[in-house]
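Secondary and tertiary structure notes
Next come the chains, spelled out residue by residue.
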Amino acid sequence: MPEVNSKITKVILYPSSGRLTRTAELELSVGAHELRLQNIPTNIDPSSVSVNLKASSKAVILKDVVTERVFTARTSHEVVAKLEAELKALKEEIQAAQQRLEGSQAKISHLNGLLSETRNVVFALNQEKLTIDGHFDRIRHIDTEREKYIQEQTQLRVSLQRMEEDLVEKQQQFQAVSSMGNRESTLVKVGIQADEEATVTLELSYLQYACGWQPVYRASLDEQKFSLAYEAQVNQKTGEDWQDVAMSLSTSSPLGFKNLPELEPWYLSRVAPASKPISRDMLQKSINAMPMMGMAPMESAPLQEVGFSQAEVKDQGVSMQFELPQVVSVPSKDTATRLGITVLELPAEVDLLIIPKLSPEAYRRVKISNDSQFTLMPGKAALFFNGEYLGENPFSLTPAGGKNDLSFGVDQRVVVEREILQQDVSKKMLQDRNVRSYKYQIKINNTSKETLRAEVQDGTPVSRQDDIKVRLESVEPKPAETDELNRMTWRLSLAPGSEVVLKYQFTVDAPRDVIISGLPVE
């Protein structure tokens with residue numbers, strides 16, 4: 001039952017999973033073989049496992065494929081025994097070093113004692129058994145020996161400290177190895193019958209969880225030229241690195257299978273009248289009477305709410321698959337890996353969007369046309385204007401041939417002011433009604449040296465009651481369009497250093513005794 005080493009060679013990555021293909025090549029002799037492909041991660045779908053057999057002879061057939069979960073020790077007994085031996089030897093070395101250190105300290109203490117024996121020295125000098133020169137020669141000899149043992153002691157302390165640090169590290173390694181326990185993995189057994197010797201290539205594929213991808217973009221606007229880098233943010237936490245694999249990125253989901261729907265009958269029924277509530281005393285009497293009727297007392301049980309189960313709705317949208325032109329390597333880690341798909345140069349129109357009622361700022365708007373063959377999936381786009389990073393914005397689905405609008409920040413060179421010039425109520429009384437008049441002015445200054453195109457949006461109120469009338473009295477200049485909700489749009493060309501003024505006036509006619517919400521409060 002030979003064990004076969006396999007390598008991941010191909011990955012089709014979906015948004016929340018992937019289909020992996022492992023390849024193994026081997027020589028088979030004549031006979032029946034059971035090949036074992038080990039160390040496959042556990043977070044796969046066993047029902048998705050399939051094997052493709054390629055052989056140099058037609059006399060080789062695939063018999064069966066079996067998938068099992070197996071548990072193996074994360075660390076071999078040899079590794080544990082080796083660490084135990086190293087720990088034992090290191091402890092013995094530390095003990096010997098400590099004994100040498102104690103011996104050296106004893107010698108130093110003895111020499112210190114010899115240097116302090118001044119009484120014996122004086123007595124020897126008086127008895128003329130020791131000369132002054134001989135005394136100092138003896139001191140120098142003792143001092144030399146003492147210095148030698150002090151140096152030896154210093155070296156022993158440094159060596160002992162190093163060995164103690166090594167001991168702590170070895171103990172941590174031993175503890176980590178000992179606590180690893182067993183590792184769970186998937187084992188695939190492949191049965192093959194070979195009636196001739198042959199060279200065989202096995203391709204094992206399966207659905208792998210704990211991986212996926214999502215689109216991200218880098219949108220750059222430089223001197224009215226727009227480019228879009230289409231990238232993939234790959235998450236890979238399978239526990240196994242992908243090294244030099246051919247990768248495809250798919251926007252579909254392999255779990256999109258659904259059973260055929262079946263229409264259930266639509267029933268109507270009369271709502272039963274609410275029953276009369278039962279008092280606590282009546283309920284207790286009924287319970288007490290049950291044993292007398294040959295019935296067991298009822299035990300209280302939790303109530304369960306019965307209702308319709310909520311349907312799950314998924315829009316598959318447009319499905320595409322991108323094949324990366326070169327092999328890639330994606331390690332298994334907690335952080336994402338970015339892979340490039342393509343860089344697109346797309347037609348774009350740049351203008352300013354100004355809505356003074358909401359903000360006194362001019363927003364730079366880029367209207368792109370997707371004239372590529374790619375469907376641009378929803379994701380996040382990092383925005384760069386003339387090389388400067390602006391921030392990150394959502395990017396909506398844009399099919400081939402579709403259009404999309406992106407916000408590229410605020411153009412600080414354009415100054416916008418909106419003010420109310422007139423706000424009064426008419427003194428005349430006509431059938432107990434008041435007429436309120438409002439006049440607005442919008443100033444737009446282009447302080448740059450460029451001609452800028454701008455779209456300005458503003459509007460008048462919309463009445464929700466028939467007896468409240470809103471009428472646009474005047475507007476200058478005339479807007480390019482006005483919709484049914486009284487929103488006006490001007491499309492302007494702002495010359496360098498110029499100022500454009502927009503004015504409009506409207507009235508609100510309503511009964512005198514009606515309090516109106518939503519009126520201007522400037």
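Residues numbered from 1 in each chain as written. Predicted model: local features only at pLDDT ≥ 70, side-chain atom pairs only at ≥ 80, totals over all residues. Heavy atoms only, no water.

Details of the overall build of the protein
To keep things clear, this is the line we draw: Each helix corresponds to a stretch of at least 4 residues labelled H or I by DSSP, and each strand to a stretch of at least 2 residues labelled E; elements are numbered beginning at the N terminus. Only protein chains enter the accessibility calculation, which uses a 1.4 Å probe. A residue is then buried if its area is under 20% of the maximum for its type, exposed if over 50%, and partly exposed in between. Residue contacts are defined here by distance: any two heavy atoms, one from each residue, within 4.5 Å place the two residues in contact. Only the protein chains shown count as covering a residue, and every accessible area follows the Shrake-Rupley method with a 1.4 Å probe.
For the protein, the helix and strand inventory stands at four helices and 26 strands. For the protein, with 522 residues in total, the buried portion stands at 34%. By sequence separation, contacts in the protein at least 24 residues apart represent 77% of the contacts at least 6 residues apart. Approximately 34,500 Å² of the protein is accessible, and the part contributed by carbon and sulfur atoms is 51%.

With respect to the pairing of strand β11 (residues 242-250)
This is how it is decided: Note on pairing: two strands pair once DSSP finds at least 2 bridges between them.
The pairing of strand β2 (residues 7-13) with β11 spans four bridges and is classified as parallel. Each residue of the ladder has a partner; that of K10, found in β11, is A246. Pairing of β11 with strand β13 (residues 328-330) involves two bridges; the strand directions are antiparallel. From the neighbouring strand, V245 faces β13, where its bridge partner is V328. Pairing of β11 with strand β12 (residues 321-323) involves three bridges; the strand directions are antiparallel.

Considerations on the sheet that holds strand β14 (residues 337-345)
Filter applied, for reference: Axis lines are fitted to C-alpha atoms, over the contacting stretch for helices. Their N-to-C directions set the angle, which ranges from 0 to 180 degrees.
A sheet is described by the order of its strands in space; here five strands give the open sequence β14-β10-β9-β17-β18, paired in mixed fashion. Only two strands of the sheet have a single neighbouring strand rather than two, namely β14 and β18 (388-395). Averaged over all adjacent pairs, the angle separating strand axes in this sheet is 25°, with direction ignored. Alignment of strand β17 (residues 379-385) against β18, held across seven bridges, turns out to be antiparallel. Bridge pairing in β18 places F385 opposite E388.

Quick notes on the confidence of the model for the protein
Put simply, the rule reads: Each residue gets a pLDDT score, which is the predictor's confidence in that residue and runs from 0 to 100.
The predicted model of the protein has a mean per-residue pLDDT of 84, with 83% of residues at 70 or higher. Note that residues 290-318 has pLDDT below 50 and, in this model, ten contacts with residues that lie over four places away or in other chains.

A word on the environment of L204
Mapped onto the fold, L204 is located in strand β8 (residues 198-208). Along the chain, L204 and L20 lie 184 residues apart, while their C-alpha atoms are 8.1 Å from each other. Setting aside chain neighbours within four positions, we find L204 in contact with L20, T21, R22, L37, I40, V49, S50, V51 and V188.

What to know about the packing of aromatic side chains
Worth spelling out the cut-off: Any two of the Phe, Tyr and Trp rings considered here, Trp counted by its six-membered ring, make a pair once their centres fall within 6.5 Å; the pair's planes then place it as stacked at under 30 degrees, edge-to-face at over 60, or tilted in between. Here, over-ring charges are defined by two tests on the NZ atom of lysine or the CZ atom of arginine: distance to the ring centre within 6 Å, and angle to the ring normal within 35 degrees.
Counting across every chain of the model gives twelve aromatic pairs. For the ring pair F384 and Y389, a centre distance of 5.3 Å and an interplane angle of 55° mean the geometry is tilted. Overall, the relative accessible area of 47% leaves Y389 in the partly exposed class. Three or more aromatic residues joined by ring pairs make a cluster, and in this case those are W213, Y217, Y230, F322, F374 and F395. Between R364 and the ring centre of F385, over which it is positioned, the NZ or CZ distance is 3.9 Å.

What about the side chain of T251?
Our working rule: Between N or O atoms, a polar contact is any pair within 3.5 Å; within protein, one atom must be a potential hydrogen donor and the other a potential acceptor, and residues adjacent in sequence are included only when both atoms are from side chains.
Its place among the elements puts T251 in the loop between β11 and α4 (280-289). Side-chain polar atoms of T251 contact the backbone nitrogen of M320, separated by 2.6 Å.

Some details on the nonpolar core
Filter applied, for reference: In these notes, a set of buried Ala, Val, Leu, Ile, Met, Phe, Trp, Tyr and Cys residues joined through side-chain atoms within 4.5 Å is what counts as a nonpolar core.
By size, the foremost hydrophobic cluster in this structure holds 58 residues, and its most contacted members are L13, F226, W242, M247, L249 and L376. Every residue in contact with F226, bar those within four places of it in the chain, is listed here: A219, S220, L221, L344, E345, L346, A348, V366, I368, L406 and F408. Listed in part, the 24 residues of the second largest apolar core include Y438, Y440, A454 and L492.

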